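Tertiary structure, described
These are the residues of each chain, in order.
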Amino acid sequence: MDAMDSRKITIEEVKKIAQMSKLNIEGDEEKFSQLLSQTLEYIKILDELDTSKVSETFQVTGLTNVYQDGSQKVTLSREDALKNVKEIIRNLVATKGVFDRE
Amino acid sequence: MSKLNELTVKEALEGLKKKEFTSVDLVKSCLAQIEKFDPKIKAFLRVTSESAIKKAEEADKEISAKGAEAFVNKPLLGIPYAAKDNYSTKNIETTASSKVLEGYVPPFDATAIKKLNEAGAILLGKTNLDAFAHGSSTETSDFGTTFNPWDLSKVPGGSSGGSAAAVASHMVLFATGSETGGSTRGPASWCGVTGVKPSYGRVSRYGIVAMASSTDSPGPLTKTAEDAAVVLRVMAGKDPLDATSSPAEVPDYLAEGKSFSMKGVKIGRPVSYFEMELEEGTRKKIDEAIEVFKSLGAEIIDVDMLSPKYSIAVYTILQRSEVSSNLARLDGIRYGHDRNSFGFEAKKRIMLGAYTLSSGYYDAYYAKAQNRNKCTVRVL
């Protein structure tokens, strides 16, 4: 296998990405660093193609400015929307605080 | 006559119309098959026997009251089917085979499910898939692997493996699948059934647990091409709840198929695909199919498409990027469990996507893949 320093994603970077994605990967850092680096190594194959004159694809349907006709007013009742919620306070979804989190 | 659960949708509809048997008979025959074989095949995550029998009784009432007339507005009246567990089903647990969604009971139906139910089809249960459809074998399911009904030592393909195995083993007359990169056609091939990946936008994505929103395409898994035509016609159509659904009219696929002539039709053979390593059996079957098309009057021409070695790389970047964005909504606050419940494969995909989308790497990876995606589209 690759030597550590030739890896595209280091263990430190893996930890950072996991934190950014709010994932607990404790114990698997080494494995993720190896697997993600392998995938990035594989997709390098795209560098063989010259796409400098090709514009980006943002969608394939050709549809633009799609509006509803207004007849669809309510899709879910409040009661239904709250059915699977862990914690409800005053008929609202309770979330963890954004600041001063534990 | 063959056993009822072994009938095709077309045969079952004829029998129901002629009152040779009832929908209850049909549903019970499928349920017996599930009870007998699913402990080994494990196609189903849950079976909804009670509500299915109740619905079959209602269908039978309607058929005996209106006769063949009942099928005019309900083209699938009394026909039992299974739904891949990434299709939201009202009041029936929907997990996408992930522990993150274990216990989640959607308060609404996916549009495709709503259309099938309104057409009179009867849901028998939810089938296994790779968790969040991340895979091609059902092995990444958090609730165990499904086995191939033709050989229990093998997998059924995926991600719609449970649906394909359920149809192949005659546990249901048809099932729903969804595809982003082979997830319907793959398991259909591995299990010897018919799978259709419709054009993107043909079937609404509303209520289907999102994987890669720019490519997810729900479609049917059936025993025959004729059945696929009938089922797809019901599932397809413009949906105000999915802005990317196509406004194009849904044709009568069955009638069109019957009057369709291959004479003069040009079929492209992507040369670069045949330069890849291919299993001998696969190559042989494709060559045979080409000969059949030729004998029907079609013209086979070699086309130059972006080699799969590049398109797989494009797919990897775009799919992982969309996965990381789509699965970001799963926080256990409004439904489901927190992010500690993600399996290894989902974590891997989320992290790669977060990396390719992150500032500093976006241009190097995601934007480049979008360029190359255009190449793929153009060649297509």
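The name that an unreviewed UniProt entry assigns to chain A is Aspartyl/glutamyl-tRNA(Asn/Gln) amidotransferase subunit C, with the source organism given as candidate division WWE3 bacterium GW2011_GWC2_41_23.

This part covers the overall build of chain A. Broken down by element type, chain A carries 3 helices and 2 strands. Ordered by position from N to C terminus, the α and β elements of chain A give α-α-α-β-β. Expressed as lengths along the three principal axes of its C-alpha atoms, the size of chain A is roughly 55 × 45 × 20 Å. Out of the 102 residues belonging to chain A, those deemed buried represent 25%. Here the contacts in chain A between residues at least 6 apart in sequence split such that 37% fall between residues at least 24 apart. Counting every atom, chain A has about 7800 Å² of accessible surface; 50% of that belongs to carbon and sulfur. Side-chain charges of chain A comprise 15 positive and 19 negative groups, with the mean position of each set lying 7 Å from the other.

Contacts between the two partners involve 48 residues from chain A, matched on the other side by 55 residues from chain B. Buried surface at the junction of chain A and chain B, both sides included, amounts to about 4500 Å², of which 66% is carbon and sulfur. Our count for the chain A to chain B interface comes out at 0 salt bridges. Where chain A touches chain B, the interface holds 10 residue pairs in polar contact (both at pLDDT 80 or more). Breaking the side of chain A that touches chain B down by element, the ones donating at least two residues are α1 (11–20) and α2 (29–43) of chain A. Of the residues that constitute the side of chain A that touches chain B, the class distribution is 25 nonpolar, 12 polar and 11 charged.

Our next topic: the packing of aromatic side chains. On inspection of all chains with the given rule, the structure shows 5 aromatic pairs over all chains. Geometrically, the ring pair formed by Phe32(A) and Phe344(B) is stacked, given 4.6 Å between the ring centres and 15° between the ring planes. Linking Phe32(A) in helix α2 with Phe344(B) in helix α13 (residues 344–357), this pair reaches from one chain into another. Residue classification places Phe344(B) among the partly exposed positions, given a relative accessible area of 29%. With centroids separated by 5.1 Å and ring planes inclined at 5°, the aromatic side chains of Tyr81(B) and Phe174(B) adopt a geometry described as stacked. Pair noted here: Tyr81(B) is in strand β2 (residues 80–84) and Phe174(B) is in strand β4 (residues 174–179), with a separation of 93 residues, a long-range link. Phe174(B) matches Tyr81(B) in its accessibility class, with the two residues each being buried. For Lys17(B), the ring lying beneath its charged end belongs to Phe71(B), and the centroid distance is 5.4 Å. Directly above the ring of Phe274(B) sits Arg269(B), whose terminal nitrogen or CZ lies 4.2 Å from the centroid.

Below, the discussion takes up helix α5 (residues 111–118) of chain B. Buried within α5(B) are the following residues: Thr111(B), Ala112(B), Ile113(B) and Leu116(B). Residues of α5(B) that are buried sit in contact with β2, β4 and α8 (225–235) of chain B.

Another point: the pattern of salt bridges. Residues and elements named next belong to chain B. Tallying each qualifying case throughout the model produces 22 salt bridges over all chains. Of the charged contacts in the structure, one is a salt bridge between lysine 74 and glutamate 62, with a shortest N-O distance of 3.1 Å. Of the two residues, lysine 74 sits in the loop between α4 (70–73) and β2 while glutamate 62 sits in helix α3 (residues 49–66), which places them 12 residues apart along the sequence. Residue classification places lysine 74 among the partly exposed positions, given a relative accessible area of 25%. Between arginine 205 and aspartate 242 there is a salt bridge; the shortest N-O distance is 3.4 Å. With a gap of 37 residues between them, arginine 205 in the loop between β5 (194–195) and β6 (217–222) and aspartate 242 in the loop between α8 and α9 (253–259) connect regions that are remote in the sequence.

What follows deals with the environment of Ser137(B). All names here are of chain B. Mapped onto the elements, serine 137 comes out in the loop between β3 (122–127) and α6 (161–168). Relative accessible area serves as the criterion here: at 10%, serine 137 is assigned to the buried category. Spatially, the C-alpha atom of serine 137 lies 21 Å from that of glutamate 322, the residues being 185 residues apart in sequence. Contact partners of serine 137, with chain neighbours within four places excluded, come to Asp130, Thr145, Val155, Pro156, Gly157 and Gly158. A polar atom in the side chain of serine 137 sits 2.7 Å from the side chain of glutamate 139.

Residue and element names in this part refer to chain B. Looking at the assigned domains, one finds that chain B contains domain 1 (4–257) and domain 2 (267–380). Here domain 1 and domain 2 have C-alpha centroids that lie 24 Å from each other. Contact residues are listed per partner, giving 17 residues for domain 1 and 18 residues for domain 2. Taken over both partners, the interface formed by domain 1 and domain 2 buries close to 1400 Å², and the fraction arising from carbon and sulfur atoms is 62%. Summed over the three residues of domain 1 that lose the most area to domain 2, namely Val100, His134 and Met211, the buried surface amounts to 40% of that side. Between domain 1 and domain 2 we count 0 salt bridges in total. Across the side of domain 1 that touches domain 2, the residue classes tally to 7 nonpolar, 7 polar and 3 charged.

About the cut-offs
Residues numbered from 1 in each chain as written. Chains lettered and ligands numbered in written order. Predicted model: local features only at pLDDT ≥ 70, side-chain atom pairs only at ≥ 80, totals over all residues. Heavy atoms only, no water. Helix = DSSP H or I, 4+ residues; strand = E, 2+ residues; numbered from the N terminus. Buried < 20%, exposed > 50% of the residue type's maximum accessible area, 1.4 Å probe, protein only. Contact = heavy atoms within 4.5 Å. Areas by Shrake-Rupley, 256 points an atom, 1.4 Å probe, with all protein chains shown as cover. Lys, Arg positive; Asp, Glu negative; His and termini not counted. Charge placed at Lys NZ, Arg CZ, Asp CG, Glu CD. Buried area = accessible area lost by both parts, 1.4 Å probe. Salt bridge = Lys/Arg side-chain N within 4 Å of Asp/Glu carboxyl O. Polar contact = N/O pair within 3.5 Å; in protein donor to acceptor, adjacent residues only side chain to side chain. Nonpolar A, V, L, I, M, F, W, Y, C, P; charged D, E, K, R; others polar. Phe/Tyr/Trp six-rings, centres within 6.5 Å; stacked < 30°, edge-to-face > 60°. Lys NZ or Arg CZ within 6 Å of the ring centre and 35° of its normal. Domains from an automatic or database assignment.

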